[in-house]
Each structure stands twice: as C-alpha cells, then as structure tokens.
Amino acid sequence: MRLTALFTIPRVLRHSDAIGADLPPDDAVVLDAPDSSLRAALAAAAAGDHAPAAELLAGTRRHAQWERRDTVVSRLARASLHHPGWLDSWLEASPEDPDAVLVKADQYVYQAWQIRTGARARHVEADQFKAFHAVLRDAVPVISAAAELNPDDPVPWRIALTQARGIQAPREVFDTYLAEANERDPHHEGCHVQALQYLCAKWFGSHEEMFAFAERAAEQAPPGSRLHALPLQAVVEYLIADEETPGPDPYTPRAEAAVARAQALSESYAPGDREAAGFRNHLAMVLWSMNRYEEALTAFRSIGVHATTFPWTYFGEARAEFLEARSDTRVELAMKVPFFSPSPKPPATGAPDWERELAPRSLAIASTGPTEVAQAALICGHSLRTAPAGSSHTYVEIVPDPVRGKRAALLPEDPLTSAADNFTTAEDWPALILHRTPERGSFTLLHRGKKVAEHSWETAAPAADHTEATANAAALARVYEIADPRPLAHILRATGDPARHQSELVAALGLPPLPEGYGGEQEILAGLPGARVLVRRGFLAGMRDTLTTRDGVHPGTPPPAEPHPARWWVLRGLALPVFTAAAVYAWWTPDIGWFRSTVSSAVALYVAAQLLRAVRRRPVSSSRPPAAS
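A quick note: this is a predicted structure, and the numbers were derived from the prediction, not measured.

(A) How the structure looks around the packing of helix H6 (residues 98-116) against helix H7 (residues 126-149). At a minimum axis separation of 8 Å, H6 and H7 run at an interaxial angle of 165°. Considering the angle they form, H6 stands roughly antiparallel to H7. Crossing geometry of H6 relative to H7 is assigned as left-handed. Residue classes in the contact of H6 with H7 are distributed as 20 nonpolar, two polar and three charged.

Here is the structure:
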C-alpha cells in the first residue's frame, strides 16, 4: 500500500457516507425497469395471457410510436424465451397479426444470441456457432413477413440489421437494410444502435467508421432525440476494445465531444426519467472510466433507480457492476475531501422520488423470541424494534437513530442485514431478512452470522437460473428442516409479482405471515402487541450489558448521556492544543526520552477522543430519538 493511501483512508471513512447520500439505496435499483403498461403486459404474458401485449403493441402501431414499439417488442421477445406459451397461442389465434409476427421475429434473434452468448468469437464453441447461425437463418422468413405485414414499421429492419450482423452478411446487405430502416424512420434509435454495432471494430468496421457514423447521425438528429448520445455509445465500444495506442490517443477529443453532447441531452430530461436511462447509464460509465468522478456522480443522480443492462453487462453482471461503479465514485470523491472539512452536501433539489416511494421496506423474521433477539443484538450498532411473531418467532425492524453510529457508517450493507449479521453470530436460530420496493423483492438468510442464501425477484426479470434456485432452495430447506426443497425452488423461479413470491416463500418456510403494512410505511411494528425498542449502544456499553443481563430478561434502556457544562468544553478545548504541542515538541527534541513523549501523546489522544465522543453524541438532525417501551 502506498503511503498516500494511509492518509486517504480516514477521509473515506469520514466523508463517503455523506457523498451521494441522495442516491437511492442499492435495493431500490432495478435493472431495465418497465413502465406500468409494459409491466402489466409482461405479467399477463408470464401467466399465459397475450391480450394486454396485443393491445399495447396495437396502440404503438396505430399511433406510429416506433421507439416505444421497439422497446415493447424487445422486452416481450425476451420474456417469450422463458414463457413461450402465450406467444404460441397468440400466433395460433392470429397468424397474420403484424404485432405477434414481429415479436416472433425478435424472439428468433434473442434465442440465437442466447445460444451464442455475448462472448468474443474466440471464446464461442463451434457447436454454438452452428446452432446460432441455424436459428438466425430460420428467422429470415419471419422477419420478412413482419416487414410485409406492416410496411411503415422500421422495427423489422432493426431486427434484420441484428440478424445480418449475426450471419456475417456482406456490406451490401447491411447498406440495403439500413436504407430501408431510414426510409421509414431516419432517426430511429434502435436501427442506428444496431448499425453502429455492425460498423464497430469488433464486428465488420473500424473505430473511424463507427465514430463517423455516430457523429453524422447525431448532427442530423432533431433536438431532444436520443441519437445525440449515439457518439457516446461509440466511445463505450472504443473503451472496451482496450487497445494500446502509442502517443496521444487520437480519439480523446471525439470522446470528450461525445460526453459534452450527451450531458447537454441529459439536462433536457427530468431527473430519473425512464426514457433517458439508456444513454445516462452510458454517460455514467464513460465519466467513471475517465476518472471524472464529480460529473459521474451527477450522472448517477440523474439515473436514480433505473440501471440498464448496457453498457454494464460488458464487465459482468449488469446490476452489480452498476452498483460497484456508483460506490467507487463516492469513495474516489471522499478521498479528495480534506479530513477536517465538512462533508459535501447533495444539491438542494428537494426529496428525490426514491426517498418517498422507492426506498426499500425491510423486515427480519428471527426464529426465536424477542428477548433472545434483544440480548443477542446489544452490540449490533443499530436501534431495533422487535415484536412477537407467534409463539416462537420475532419480527425485527430498524429504528432510525438521530445520530448514526460509527459501525453503522462503516458497514457496507443495509442496516437491517448488517444488524442481523451481528445478532445471529454464534446463535443456533436463523433470521430471514426481507426487502421490498415497488419493482423488486429480495431476501437474505443469515445463520450463525453467515449468509446461507439470498435471492431477488424483479417484476420484468426472467426466471432465475435453475441451478442457482435449486441451491438456494436446498439451503433454505436445510436451515428450516424442510424435507422437500422442490416447492421452494419453484417459488424462487417464479416471475412477475415479487410481493406475492415473498409471501409465498414465508408461508412455505413455516414462518409467521408478513405483518400488515409491510411494503408501505418504513416502520410498521410499533402498533403490534408487545413491540419494544432496543436502543443502540456503543461497543463497550453493549459488551457490558451483554455480560450483566440475565438470561430471559429483556435488556433495559440505557440512561441518556448528560450534556457537558460549558466549563468542561473550555478546559478540554484548551488542553487539546497544549498537550498536542507538548507531544510534538517531545518527539522532535532528542533530549526528551520516549516515555515522556509517549505519555504526552497518549494524553493528547485521550482528550481528543473525549471531545470527539461528546461531539458525536450531539444530535445532527431534528428527528426525535426512539421512545422505548
């Protein structure tokens, strides 16, 4: 570790919690979240009903909403790979329906790419390539039928451009398809994105040709068009090529111009706008890779909860990569703030949407009584509210503290998970921690302080991987002593309704039902019979109460700290610089021995610790401390 890193670590610990405090929490972030109408169509399709999808696509066709139509077709095609029955019945009932045929055409292309995977060609097996090309060839008559059934629609030509790239069609074919797409909609984003992929260096073009195409499209695009961010996608393709260039990078000026154009476009959209999420995710990724962290934080703020698959999937699991880049941005900015400077505050733009509606609602169900939970949680670093759940379980939720504890600020996980991680350590009983947002539901199972299983459902996400779901189901069955894990695996692979799947899992595990109000307000246990608050303690106080509290007795509330008089502050405020100066002089002067130097340093540190502890006890917000019952 470099010496400079030792000086930046305290800055990170002090400031990273405040920088980006207005960003939505990790659990609120959803990948490719659909709007309400598309969500309803996807949920109905998963249940076998194609009527909402048919109605939605018919509306986009009647009103020539080609960008919207492209998005809907793409999501429905991906969903049909996991639940094909609804599309088959739709085509059986209406084989000439231009909307159903269009979804089928796109399904072929997504199926082909699922076989091939997104790996570079050198990492794809010969059998995969053979199957990939076979499916793409089967798609040709379906794509042609979709284009003939709706001649004004550019979306079949977006699919044709993707298919042409996959079968390595010659440039003449590509030019013909692009011309057909432009004739129907010269500014269609989906067609231009697929054309850019064909022209990038990893496929059949070059960096120069790719940038020239993207910049030309942006120059010709009308005001507000998302094509103004197409050069930014060229920058992403250039960055992931990861090529060494001797001397100055020739594409740096073009990359900076692309960023500036995308930033101007982003400012024309409202914060958190779903329509701008695609290019804003590209913007955040590019700014982060350029080490322009302040601008990257602004981009992450504008994204809100709407992470997208691209470009993050280039680096791994898309949602995890998004969250990691966002966290890294906060850390990098914290490293630049002097330790004794006040932590930066977010822009005064009012409460963001996620704070009112999308912040995760969290609840834990511990398989033991409230007293046992309270005794185990004395040093967890958080204030908790517990309530009896039946005769042998306990509901647990976080009670916000007016002053955040040191350990709470340092722990990377959400408060309830980190608290449960602590209070389940060395205990035989498990705790199931549940999180819910409007788009997402998840759980983490902790047993003896270790994560045994975790899983999430999203409204429009495909079914979970079978192997992963089976492994998590087996872990749940083992902890809760369930003989057959298959019903659990079925629940984990369910799609469409995260809230319902959470409730079904809780019932299948034999746990008490989720309390009324869960998923609504942040704190819901206060009104339940027997609810009590366990007030946060410092580490030493928690250790003391752990050793002195008798088994079977609920820990009491520690007495509030008495405020220090003005004389106390004055004396220690004067003592700190005196002893600090004495310590510096003692270590600087060779005639003073190590013992007196150490003593003066220890006294200075002790006085500093007293002052810091007293300052931290002073409330930093207007919220009232929790009332213990």
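(B) Region of interest: the sheet that holds strand S3 (residues 361-366). One open sheet accounts for seven strands, arranged S8-S7-S6-S3-S5-S4-S9; its pairing is antiparallel. The sheet is open, and its two borders are formed by strand S8 (450-458) and strand S9 (532-534), each paired with just one other strand. When the angles between neighbouring strand axes are averaged without regard to direction, this sheet yields 25°. Examined bridge by bridge, strand S4 (residues 383-389) and S9 share three bridges and lie antiparallel to one another. Bridge assignment links Arg-385 to a residue of S9, and that residue is Val-533. Across the sheet, helix H23 (residues 498-508) is in contact with S3, strand S6 (430-436), strand S7 (440-447) and S8; its angle to S6 comes to roughly 165°.

(C) Structural detail: the environment of Asp-35. Counting through the fold element by element, Asp-35 comes out in the loop between strand S1 (30-31) and helix H2 (36-46). Asp-35 sits 240 residues away from Glu-275 along the chain, and the two C-alpha atoms are 9.9 Å apart. Sequence-distant contacts of Asp-35, that is, excluding residues within four places in its chain, are made with Arg-68 and Arg-274. Within the structure, the side chain of Asp-35 is placed 2.8 Å from the side chain of Arg-68, a separation counted as a polar contact.

(D) Representation of the pairing of S7. Within S7, eight of the eight residues are buried, which leaves the element mostly enclosed by the surrounding structure. Neither face of S7 is open: one carries Arg-440, Ser-442, Thr-444 and Leu-446, the other Gly-441, Phe-443, Leu-445 and His-447, and all of them are buried. One ladder, built from seven bridges, connects S6 with S7; its direction is antiparallel. Paired with Ile-433 across the two strands is Thr-444, which belongs to S7. Once S6 ends, the chain turns through three residues before running back antiparallel as S7.

(E) Examining a nonpolar patch on the surface more closely. Together, Trp-587, Trp-594, Phe-595 and Val-599 make up a nonpolar patch on the protein surface, roughly 520 Å² of accessible area in all. Ranked by the residues each element gives to the nonpolar patch, the list is headed by helix H26 (residues 594-617), at three residues. Tracing the chain through its elements places Trp-587 in helix H25 (residues 566-588). Given a relative accessible area of 51%, Trp-587 falls into the exposed group.

(F) Spatial organisation of helix H12 (residues 230-241). Given a rise of 1.5 Å per residue, 12 residues ought to cover 16 Å, and the 17 Å separating the end C-alpha atoms of H12 matches this to within 8%. The element H12 is extensively covered by neighbouring structure, given that 10 of its 12 residues are classed as buried. Listed as buried for H12 are Leu-230, Pro-231, Leu-232, Gln-233, Ala-234, Val-235, Val-236, Glu-237, Tyr-238 and Ile-240. Against helix H10 (189-199), helix H11 (207-220), helix H13 (252-267) and helix H14 (277-289) lie the buried residues of H12. With its phi angle positive at about 50°, Asp-242 sits one or two positions after the end of H12.

(G) Region of interest: the nonpolar core. Counting residues in each nonpolar core, the largest one holds 97 residues, and the members touching the most others are Leu-76, Trp-86, Trp-90, Leu-230, Phe-300, Trp-312 and Phe-322. With sequence-adjacent residues up to four places away left out, Trp-90 is seen in contact with His-50, Ala-53, Ala-54, Leu-57, Asp-97, Asp-99 and Ala-100. Core analysis: the next-biggest nonpolar cluster, separate from the first, contains 31 residues, Leu-445, Trp-457, Leu-476 and Leu-511 among them.

(H) Here's a closer look at the side chain of His-501. On the secondary structure map, His-501 appears in helix H23. The class for His-501 is buried, based on a relative accessible area of 1%. The residues contacting His-501, other than those within four sequence positions of it, are Trp-457, Ile-491, Ala-494, Thr-495 and Gly-496.

Each value, and the rule that gives it
Residues numbered from 1 in each chain as written. Predicted model: local features only at pLDDT ≥ 70, side-chain atom pairs only at ≥ 80, totals over all residues. Heavy atoms only, no water. Axes fitted to C-alpha atoms, helices over the stretch in contact; angles between N-to-C directions. Helix = DSSP H or I, 4+ residues; strand = E, 2+ residues; numbered from the N terminus. Parallel < 35°, antiparallel > 145°, perpendicular 65-115°, else oblique. Left-handed = near helix turned anticlockwise from the far one by under 90°. Nonpolar A, V, L, I, M, F, W, Y, C, P; charged D, E, K, R; others polar. Pairing = 2+ DSSP bridges. Contact = heavy atoms within 4.5 Å. Polar contact = N/O pair within 3.5 Å; in protein donor to acceptor, adjacent residues only side chain to side chain. Buried < 20%, exposed > 50% of the residue type's maximum accessible area, 1.4 Å probe, protein only. Patch = residues over 30% accessible without salt bridge, like charges linked within 9 Å, V, L, I, M, F, W, Y side chains within 5 Å. Areas by Shrake-Rupley, 256 points an atom, 1.4 Å probe, with all protein chains shown as cover. Salt bridge = Lys/Arg side-chain N within 4 Å of Asp/Glu carboxyl O. Expected span 1.5 Å × (residues − 1). Core = buried A, V, L, I, M, F, W, Y, C linked by side-chain atoms within 4.5 Å.

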